[in-house]
Each structure stands twice: as structure tokens, then as C-alpha cells.
Amino acid sequence: MRPVIPYVTAALLFGLGVYGVLRRRNAVLVLMAVELMLNAVNLVLVTADTTVKAALPHSGQVFALFVIVLAAAEIGVGLAIVLQLYRLRASVTVDDVPLAEPAPMVAAAPTSGRPDAEGAVR
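Attention in this report is confined to the structure presented alongside it. Quick caveat: nothing in here was measured; it's all calculated off a predicted structure.

As for the overall build of the chain
Part 1: For the chain, the helix and strand inventory stands at 3 helices and 0 strands.
Part 2: Traced from its N-terminal end to its C-terminal end, the chain shows the element sequence α-α-α.
Part 3: For the chain, with 122 residues in total, the buried portion stands at 20%.
Part 4: The long-range share in the chain, meaning contacts at least 24 apart out of those at least 6 apart in sequence, stands at 50%.

As for helix α3 (residues 59-89)
Part 1: Along its 31 residues, α3 runs 44 Å from first to last C-alpha, staying within 8% of the 45 Å computed at 1.5 Å per residue.
Part 2: Listing the buried residues of α3 in full gives Gly60, Ala64, Val67, Ala71, Gly78, Val82 and Leu85.
Part 3: Where the residues of α3 are buried, they touch α2 (27-51).
Part 4: Immediately beyond the C-terminal end of α3, within one or two residues, lies alanine 90, with a positive phi of roughly 60°.

Observations concerning the environment of alanine 72
Part 1: Its location among the elements puts alanine 72 in helix α3.
Part 2: With a relative accessible area of 52%, alanine 72 lands in the exposed category.
Part 3: Each C-alpha atom, one on alanine 72 and one on glutamate 35, is 9.3 Å from the other, the two residues being 37 residues apart in sequence.

Focus on the packing of α2 against α3
Part 1: Running from N to C, α2 and α3 cross one another at 175°; their axes reach a closest spacing of 8 Å. If you check the angle between α2 and α3, you find them roughly antiparallel.
Part 2: Considering only residue class, the contact of α2 with α3 consists of 15 nonpolar, 5 polar and 3 charged.

Some details on the side chain of threonine 47
Part 1: By secondary structure assignment, the location of threonine 47 is in helix α2.
Part 2: Polar contacts involving the side chain of threonine 47 include one to the main-chain carbonyl oxygen of leucine 43, which spans 2.7 Å.
Part 3: Threonine 47 has contacts with Pro3, Pro6 and Tyr7, leaving out every residue within four places of it along the chain.

Quick word on the packing of helix α1 (residues 4-23) against α2
Part 1: It is the contact of α1 with α2, at a shortest axis distance of 8 Å, that shows an interaxial angle of 160°. Classified by the interaxial angle, the pair formed by α1 and α2 is roughly antiparallel. Of the two elements, α1 crosses α2, and the hand of that crossing is left-handed. Counted together, Pro6, Tyr7, Thr9, Ala10, Leu13, Phe14, Leu16, Gly17, Val18, Gly20 and Val21 of α1 and Val30, Ala33, Val34, Leu36, Met37, Ala40, Val41, Leu43, Val44, Thr47, Ala48 and Thr51 of α2 form the full contact between these two elements.
Part 2: Taken together, the residues of the contact of α1 with α2 break down into 18 nonpolar, 5 polar and no charged.

What counts as what
Residues numbered from 1 in each chain as written. Predicted model: local features only at pLDDT ≥ 70, side-chain atom pairs only at ≥ 80, totals over all residues. Heavy atoms only, no water. Helix = DSSP H or I, 4+ residues; strand = E, 2+ residues; numbered from the N terminus. Buried < 20%, exposed > 50% of the residue type's maximum accessible area, 1.4 Å probe, protein only. Contact = heavy atoms within 4.5 Å. Expected span 1.5 Å × (residues − 1). Axes fitted to C-alpha atoms, helices over the stretch in contact; angles between N-to-C directions. Parallel < 35°, antiparallel > 145°, perpendicular 65-115°, else oblique. Nonpolar A, V, L, I, M, F, W, Y, C, P; charged D, E, K, R; others polar. Polar contact = N/O pair within 3.5 Å; in protein donor to acceptor, adjacent residues only side chain to side chain. Left-handed = near helix turned anticlockwise from the far one by under 90°.

If you want it as C-alpha cells, here you go:
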């Protein structure tokens, strides 16, 4: 069997997923693009398992099963984060998400004009 068609299909799926991750602004669509990339990897693993005689039988299919479990966990955690982001910001655009914590604002203490125990005026 010539595995050219599954490999080309997997490459196209992976390329479409990379394009979706780099280009999309909606967090849900970014998660869908990541799923496309994981499915492309699954296609490569199963195709390689059927065409290459490995020392361990069905090892590509077992790895594909692990990738499916990983994808399910990723979607669960990712959708929870997206829902929380929507509740806080009322938007799921990736460009509006702050990546760093804002600097805490320190409020100045009111001064009384009297020196304290160290001699500083408060």
C-alpha cells in the first residue's frame, strides 16, 4: 500500500490547523484549530502503524488513543477557561486577554504629622 494520500491529507490538516491557531482571534476557533492538528497527528500515527512493521504491534493505534484522551482533556480545560474569560470580559477574543498581571497599586497611608517610634513622620 502506498501511504501518500493519508500523509498528504494529514499535512493539509496540520497546515490548516496551524493557520487557524496563528490567524484566528476567537478562542473557541483556536481550540478547534488545535483539534485539527491533533487529528492530523492521529492520522499519521495510524497510517505509519499500518504501513511500517514495528516491533510492537498496534503501537501507532495506542499512541493515537492517548492523543484522543489528551485532546478530550484539553478541550475540557480549554472550554472552562474560555467560559470564565467570557464571564469576566464578555468577549472571547484572544487579542484582548492580558498576558501579565497588572502592577498592584499601593495606596498612600494618611499622615497625621506626628513622628512614630522610628522617628518617621506619619
